[in-house]
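# Structural overview for review
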Amino acid sequence: MLFQQFDALIMALLIALLLLVLTALLPWLISLTSSKPKAVREELVEVVRCPSCSYESPRKYEKGDYVGKIVGTCPRDSKPLVVKAIYIEKYSQTT
Amino acid sequence: MNGSSDVASYLIVVLFLASLLMNFTDIPQRIQLHRFSSFVRRKLYAIEEMEVDARRKAVAYMSSIGIKEPSKILEGFTDNFFLIRPVDIEPTDIIRRFKHLIRVRENSVREYVRKVLDTTERSIQYSVETVLEVVSVLRLLNKLVRHYLELGLKYNNWILVMQLAIQMPELVEIARAYVNSLNAFTSGIPIGDSVGPLVAKMLVNLQENSREISEGTDLYETEVDGRKIYVIKASGPGSNVGWPGEALEKLVEELGGTIDRIITVDAALKLESEESGEVAYGTGAAIGDIGPEKIAMERVASKYSIPIDAVVVKMSEIEALSPISRNIYEGVVKSYELVQRVIREKVREGGTVVVVGVGNTVGVK
Ligand SMILES: [Zn+2]
């Protein structure tokens, strides 16, 4: 009889412990089910512009470029081409 | 009595005792204090790592431009060059006092950098100053977080530690933005805060002819449909914000106040629900200054009763410090078009307009 009661106490403590562990693990369980953000690839691009004929074209950023730097000649009227803006383009990763 | 009802009654007693313990003692707070403080400590390690990273980047940048003993220069800068705010319970001439203190600090920073820099190229000098400032901001952030954590633990102030823990993710993001901004500052790429200078540069159709109206601040002249346009921006392409208020004041006084409109363009902090790159139009001086530059603009505009407009591009604090994204670039183009429309619609032909591109001109000559 005493042994049986002792057994029930252990059982009750075990259940209480289980509840405690479950509560502690809840945030982790939630984080498992939420989706992970998609990986993106970032690339610096720039826009070059010919101030005299308004020709504009995008191109890759090269180290040392800044807005206002002359980076070649315009294909339309051979006047200097100037960097108009530099910004980051984000591409979602496909692979 | 059967076994399962025994278990149930014991369970009720155990849960009842546990709930007494949790509700009428300080044990839960102690546990929370422990949990939150270890969370703060983990995030603090992340910030510390970022500070080390920032130091490494700063040292690498300084040695790449020929500064000897860069880490010694860095050590001598962080923790020093603080600014004590002027007395404000007696506000008479506070702006003049504040302006004086800001200029004196700026000059001593400039002197400090000039002493160790061989080159006299100003844009590099400005960039070195900014790199040093960024590292000391990270140092300060690190020290502040550590201070509040240690204070909370010392006095068992679990509310303080909990508050700190709740703010940590945001602080880590800000620290990360500062570290990333070093890449932009050292390689000279425009950041979110550069939208004002970018719009200014677009308005003058990327021309180079300018004159220096204030220290590190340039004045351009152009025309839009028969209206004379003066454009003020900081001198680039180094990291520099110039003195836009002082420059505007000088220009308006030079012209004797014969100006029909002033338009200021700047980046503004967005609300969480707003999109980055949104453009908004309003009234006032759009400038995130602690006082002197902004009040100079307001004073000179009200002295000659010139209408003053604000065009802002919305972005987060983190975006303001990072290289501009596509959204913000589109915002720049939109605000350029908006400024042109305002000039056409609100200024008569033959009139004069001043456009001030406020912000850091890194990467924009
Ligand atoms: Zn052309």
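Residues numbered from 1 in each chain as written. Chains lettered and ligands numbered in written order. Predicted model: local features only at pLDDT ≥ 70, side-chain atom pairs only at ≥ 80, totals over all residues. Heavy atoms only, no water.

## Considerations on helix α8 (residues 244–254) of chain B
Selection rule: For each residue, the accessible area found with a 1.4 Å probe, counting protein chains only, is set against the maximum for its type, and the residue is called buried under 20%, exposed over 50%, and partly exposed in between. Helix numbers and strand numbers start at the N terminus; a helix is a DSSP run of H or I with at least 4 residues, a strand a run of E with at least 2.
All of the buried residues along α8(B) are B:Pro244, B:Gly245, B:Glu246, B:Ala247, B:Leu248, B:Leu251 and B:Val252. Positive backbone phi, approximately 65°, marks B:Gly256, located one or two places after α8(B).

## Here's the deal with the pairing of strand β3 (residues 227–234) of chain B
Residue and element names in this part refer to chain B. Put simply, the rule reads: Two strands qualify as a pair provided DSSP detects at least 2 bridges between them.
Counting buried residues in β3 gives seven out of eight residues, a clear majority hidden from the surface. In this sheet, β3 lies alongside strand β2 (residues 217–224) in antiparallel orientation, the contact comprising eight bridges. Each residue of the ladder has a partner; that of threonine 222, found in β3, is isoleucine 229. Looking at chain direction, β3 and strand β7 (residues 352–357) are connected through six bridges and run parallel. Of the residues in β7, the one forming a bridge with tyrosine 230 is valine 354.

## Considerations on the environment of B:Glu215
Residues and elements named next belong to chain B. The cut-off we apply is this: Only heavy atoms matter for contacts: two residues are in contact if any of them lie within 4.5 Å across the pair. Within 3.5 Å is the distance limit for a polar contact, defined as a pair of N or O atoms, with the added protein rule that one can donate a hydrogen and the other accept it, and that residues adjacent in sequence qualify only through two side-chain atoms.
Inspection of the secondary structure assignment puts glutamate 215 in the loop between β1 (211–214) and β2. If we skip the residues at most four places from it in the chain, glutamate 215 touches Arg110, Tyr126, Gly242 and Trp243. Within the local environment of glutamate 215, its side chain forms a polar contact with the side chain of arginine 110, the two groups lying 3.0 Å apart.

## Regarding the sheet that holds strand β1 (residues 40–49) of chain A
Backbone hydrogen bonds are what pair the strands of a sheet, in a parallel or an antiparallel way. Our working definition: Simply put, an axis is a line fit to the C-alpha atoms, just over the touching stretch for a helix, and the angle between two N-to-C directions goes from 0 to 180 degrees.
Strand order across the open sheet formed by four strands is β2-β1-β4-β3 (chain A), with antiparallel pairing between neighbours. Looking at strand neighbours, the two that pair on one side only are β2 (56–60) and β3 (70–73) of chain A, the edges of this open sheet. For this sheet the average axis-to-axis angle between neighbouring strands, irrespective of direction, equals 45°. With five bridges joining them, β1(A) and β2(A) adopt antiparallel strand pairing. Bridging across to β2(A), A:Glu46 finds its partner in A:Arg59. Those strands touched by helix α11 (residues 326–346) of chain B are β1 and β4 (80–92) of chain A, and its axis lies near 140° from that of β4(A).

## Structural notes on the coordination of the zinc ion
Residues and elements named next belong to chain A. The criterion, for reference: Coordination partners: N, O, S within 2.8 Å of the metal, 3.2 Å for Na, K and Ca; water not considered, so apparent gaps in a site are possible. All geometry calls rest on donor angles, where a four-donor set with angles between 85 and 135 degrees is tetrahedral, four- and six-donor sets with opposite donors more than 155 degrees apart and all others between 65 and 115 are square planar and octahedral, and all else is irregular.
Coordination of the zinc ion by the protein is provided by Cys50 (SG), Cys53 (SG), Cys74 (SG) and Asp77 (OD), with metal-donor distances spanning 2.2 to 2.3 Å. One can describe the donor arrangement at the zinc ion as tetrahedral, given that its four donor atoms subtend angles of 86 to 131° at the metal. Sequence spacing among the residues donating to the zinc ion works out to C-x2-C-x20-C-x2-D. Given a relative accessible area of 0%, cysteine 50 falls into the buried group.

## Brief notes about the side chain of B:Lys201
To be explicit about the condition: The convention is simple: Lys and Arg are positive, Asp and Glu are negative, and His and the chain ends are not counted. Every case where a carboxyl oxygen of Asp or Glu lies within 4 Å of a side-chain nitrogen of Lys or Arg is listed as a salt bridge.
As for its placement among the helices and strands, B:Lys201 is situated in helix α7 (residues 195–203). For B:Lys201, which is buried and forms no salt bridge, the nearest opposite charge comes from B:Glu208, at a distance of 6.2 Å. Sequence-distant contacts of B:Lys201, defined by excluding residues within four places in its chain, comprise A:Val67, A:Gly68, B:Leu206, B:Gln207, B:Tyr220, B:Val364 and B:Lys365.

## Brief notes about helix α2 (residues 27–64) of chain B
Note the threshold: Working rule for helices: expected span equals 1.5 Å times residues minus one.
For α2(B), with 38 residues, the first-to-last C-alpha span of 55 Å sits near the 56 Å given by 1.5 Å per residue. Just past α2(B), the residue B:Gly66 takes up positive phi, approximately 90°.

## A word on the environment of B:Lys365
Mapping B:Lys365 onto the fold places it in the segment after β7. Spatially, the C-alpha atoms of B:Lys365 and B:Pro197 are 8.7 Å apart, while their sequence positions differ by 168 residues. When neighbours within four sequence positions are excluded, B:Lys365 is seen to be in contact with A:Tyr66, A:Val67, B:Lys201, B:Glu208, B:Tyr220, B:Lys233, B:Gly236 and B:Pro237.

## Re the confidence of the model for chain A
Worth spelling out the cut-off: Across the chain, each position has a pLDDT score giving the predictor's confidence in that residue, from 0 to 100.
The predicted model of chain A averages 84 in pLDDT, with 91% of residues at 70 or higher. The weakest mean pLDDT in chain A belongs to helix α1 (residues 2–33) of chain A at 82; the strongest belongs to β2(A) at 91.

## Thoughts on empty space enclosed by the protein
Residue and element names in this part refer to chain B. Stated formally: The distinction between a cavity and a pocket rests on a 1 Å grid over the protein atoms alone: a 1.4 Å probe fits inside a cavity but cannot get out, while a pocket stays open yet meets protein on both sides within 12 Å along at least five of seven lines, and a residue with an atom within 4 Å of a point counts as lining. Grid points are joined across faces, edges and corners, and a volume is the space filled by probe spheres set on the points. Residue polarity follows a fixed list, in which Ala, Val, Leu, Ile, Met, Phe, Trp, Tyr, Cys and Pro are nonpolar, Asp, Glu, Lys and Arg are charged, and the others, Gly among them, are polar.
Across all of its chains, the model carries one cavity of 30 Å³ or more by this definition. Estimated volume of the largest cavity: approximately 40 Å³. What lines the largest cavity is Thr217, Ile232, Lys233, Ala234, Val241, Pro244, Val356, Gly357, Val358 and Gly359. At the level of elements, β3 and β7 are the ones that each hand at least two residues to the lining of the largest cavity. The element best represented in the lining of the largest cavity is β3, accounting for three residues. Of the residues contributing to the lining of the largest cavity, the split by class is six nonpolar, three polar and one charged.

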